[in-house]
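So the chains spell out like this:
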Amino acid sequence: MLSKRSLLPIAVLMAIGGTEGRLAAQSQRLAMSLEELFRTADEHNTSIKSFESAIAEAEAGIAAAKAERLPDVDASVAFSYLGGGRIMDRDFGNGFGIHIPHYGSNLALTASLPIYTGGAIGSGISLSRLAKQMAEATAAENTQRVRMMLTGFYLQLHELKNQERIFDENIALTQTLIDHTQKRQEEGLVLRNDLTRYELQMESLRLARTQVQNRARTVSHQLATALGIQGDVEILPAEVFEEEGSKAIGQTEQFWQDEATANSPALRRSRLGIDMSEQKVRLEKSARRPTVALIAEEHLDGPITVEIPNINKNLNYFFVGVGMKYRFGSLYKNSKKVRQARQATETARQQHRQQAEEIENAVQEGYVGLETALSELATSRKSVELATQNYDVVTGRYENGMALVTDMVDAANQRLDAQLRLVNSRINLLLSHYNLVFLSGKL
């Protein structure tokens with residue numbers, strides 16, 4: 001299961017890669033939902049855009065492969081100078097010169113249309129289509145990674161904002177206690193030392209709140225950078241997530257396993273790798289088959305030198321027919337390439353099985369992490385309840401002079417720790433849920 005800490009290095013790298021084509025924004029606060037983050041990333045994240053370009057390139061590859069079915073048309077023109085000729089006996093005796101027209105020309109127009117190529121053209125088109133599907137699967141996998149990175153940032157920001165709210169509440173409560181203690185000091189009921197303890201508690205709370213606020217500013221900036229938003233912008237979570245984890249509670253581990261098997265882009269890529277290897281086997285086999293094509297040629301040659309004496313005229317002729325070509329060398333050359341392609345197919349199958357095992361293990365680990373997060377959340381809620389009850393009891397005893405100020409400070413710290421752990425538990429549950437969605441390829 002991906003943790004928030006493990007997402008940060010990925011997020012920083014993705015943010016650096018997403019600085020082009022940024023949106024202009026200055027000195028503003030943007031309240032955004034998670035879906036709005038995803039839409040903004042789809043439009044402006046450089047990494048996602050680069051994979052869209054790869055898909056367009058693969059589409060062009062399909063068109064190029066289909067073009068192999070079209071006829072080939074060639075034209076050639078040649079001009080030449082012919083030297084004088086000489087005729088002689090076979091023993092090179094009795095020779096004498098003959099006149100040959102010195103200026104010659106050749107014009108040829110040839111066309112051929114493939115009828116049968118042993119499956120080479122069809123395999124090439126299928127490979128191009130599979131290459132496009134591979135590009136789409138790779139793009140989908142990259143998009144899922146970007147979205148998981150954004151989710152980690154977003155949930156961390158949500159957690160920090162909730163922590164800030166808790167610190168604000170405790171600061172306000174501590175200020176009330178300080179005011180109350182000052183009055184009791186003036187009445188001679190408590191010592192100055194008691195007031196000092198509350199003032200120290202206040203400074204500690206203010207420092208912690210400042211640290212949380214600064215971390216929230218940093219995460220907000222990193223999130224804006226990853227989205228391609230430029231300027232002084234603070235992104236605020238616009239969703240209440242506390243009950244979001246309940247979406248995952250009713251689902252079994254097998255449900256998530258089935259979802260991952262059906263939708264995981266990584267598994268889809270490995271399956272496509274097998275299909276591409278099988279097509280390469282067919283392509284190599286096609287080289288061992290003859291090729292048949294319709295052919296047509298038009299010629300205009302001159303002078304006519306096959307006659308003696310030569311004829312200083314142009315000869316125009318054409319022909320159409322069917323041509324067949326067979327490469328006998330393929331019998332002993334391509335057999336090795338076919339074996340290589342078959343071995344590549346077996347390797348692709350092994351890689352697919354390995355990928356499936358890794359996905360299965362990741363989903364199992366993620367589901368166990370979800371169950372653990374649910375247990376932690378229940379424990380954290382009970383801890384807050386008990387810490388609040390203890391704080392109320394100690395407060396009552398302190399007001400009646402039956403507890404020391406140190407007891408009040410300890411009770412307040414215990415309640416604060418329990419409240420912060422509850423915030424962390426809620427975010428961990430959400431992160432566990434979204435991790436399973438990510439592993440299933442449906443984030």
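Note that this is a predicted model, so its numbers are computed, not measured.

## Notes on unusual backbone geometry
- Residues Gly302 and Pro303 are joined by a peptide bond in cis, for which omega reads -5 degrees.
- Assignment of secondary structure puts Pro303 in the loop between strand 9 (291-302) and strand 10 (315-325).
- Its identity is not glycine, yet Phe92 carries a phi of approximately 70 degrees, on the positive side.
- Among the structural elements, Phe92 can be located in the loop between strand 4 (85-87) and strand 5 (96-98).
- A residue is classified by how much of its surface remains accessible, and Phe92, at 65% relative accessible area, is exposed.
- With a phi angle near 55 degrees, Asn94 is a residue other than glycine that sits in the positive phi range.
- Here Asn94 falls in the exposed class, since its relative accessible area comes to 63%.

## Considering the pattern of salt bridges
- One pass over the full model with this rule turns up 16 salt bridges.
- The partner of Lys49 in a salt bridge is Glu52, and the shortest N-O contact between them spans 3.6 Å. Highlighted residues: Lys49 and Glu52, both in helix 3 (residues 46-66), separated by three residues, approximately one helical turn.
- Given a relative accessible area of 39%, Glu52 falls into the partly exposed group.
- Among the salt bridges present, the one from Glu259 reaches Lys442, with a minimum N-O distance of 3.1 Å. Placement of Glu259 in helix 7 (residues 253-263) and of Lys442 in the segment after helix 10 (405-439) is noted, with a sequence separation of 183 residues between them.
- According to the relative accessible area criterion, Glu259 is buried, its value standing at 18%.
- A single network of salt bridges, built from pairs that share partners, joins Glu59, Lys132, Glu136 and Arg268.

## A closer look at helix 7
- Those residues of helix 7 that fall on the buried side of the exposure criterion are Trp256, Gln257, Glu259 and Ala260. Projected down its long axis, helix 7 shows its buried positions confined to an angular sector of 165 degrees, all on one face.

## With respect to the side chain of Asn310
- Locating Asn310 in the fold gives a position in the loop between strand 9 and strand 10.
- For Asn310, a relative accessible area of 16% corresponds to the buried category.
- Side-chain polar atoms of Asn310 contact the backbone oxygen of Thr305, separated by 3.4 Å.
- Not counting residues within four places of it along the chain, the set of residues in contact with Asn310 comprises His99, Ile100, Pro101, Ile304 and Thr305.

## Examining the confidence of the model for the protein chain
- Taken as a whole, the protein chain shows an average pLDDT of 84; of its residues, 90% reach a score of 70 or greater.
- Across the protein chain, the secondary-structure element scoring lowest on mean pLDDT is helix 1 (residues 4-17), at 39, and the one scoring highest is helix 7, at 91.

## Some remarks on helix 3
- Helix length check: helix 3 (21 residues) gives 31 Å between terminal C-alpha atoms against 30 Å at 1.5 Å per residue, within 8%.
- Taken residue by residue, helix 3 has Ser47, Ile48, Ile55, Ala58, Ile62 and Ala65 as its buried positions. Down the axis of helix 3, the buried set is contained in an arc of 100 degrees. They therefore lie on one face.
- Where helix 3 begins, the side chain of Asn45 points an oxygen toward the backbone nitrogen of Ser47, at a separation of 3.0 Å.

## Topic: the packing of helix 4 (residues 120-186) against helix 10
- Viewed as axis vectors pointing N to C, helix 4 and helix 10 meet at an angle of 165 degrees, and their least axial separation amounts to 10 Å. Considering their axes alone, helix 4 and helix 10 lie roughly antiparallel with respect to each other. The two elements helix 4 and helix 10 cross, and the hand of that crossing is right-handed.
- The residue makeup of the contact of helix 4 with helix 10, split by class, is 16 nonpolar, 10 polar and three charged.

## Notes on the packing of aromatic side chains
- Under the counting rule described, the total for this entry stands at three aromatic pairs.
- Considering the side-chain rings of Phe255 and Trp256, the 5.1 Å spacing of their centres and the 80 degrees angle between planes classify their relative orientation as edge-to-face.
- Its relative accessible area of 7% is what places Trp256 among the buried residues.
- One residue, Arg415, lies across the ring of Tyr391, its end atom 4.4 Å from the ring centre.

Conventions used here
- Residues numbered from 1 in each chain as written.
- Predicted model: local features only at pLDDT ≥ 70, side-chain atom pairs only at ≥ 80, totals over all residues.
- Heavy atoms only, no water.
- Helix = DSSP H or I, 4+ residues; strand = E, 2+ residues; numbered from the N terminus.
- Buried < 20%, exposed > 50% of the residue type's maximum accessible area, 1.4 Å probe, protein only.
- Salt bridge = Lys/Arg side-chain N within 4 Å of Asp/Glu carboxyl O.
- Arc of directions from axis to C-beta.
- Polar contact = N/O pair within 3.5 Å; in protein donor to acceptor, adjacent residues only side chain to side chain.
- Contact = heavy atoms within 4.5 Å.
- pLDDT = per-residue confidence, 0-100.
- Expected span 1.5 Å × (residues − 1).
- Axes fitted to C-alpha atoms, helices over the stretch in contact; angles between N-to-C directions.
- Parallel < 35°, antiparallel > 145°, perpendicular 65-115°, else oblique.
- Left-handed = near helix turned anticlockwise from the far one by under 90°.
- Nonpolar A, V, L, I, M, F, W, Y, C, P; charged D, E, K, R; others polar.
- Phe/Tyr/Trp six-rings, centres within 6.5 Å; stacked < 30°, edge-to-face > 60°.
- Lys NZ or Arg CZ within 6 Å of the ring centre and 35° of its normal.

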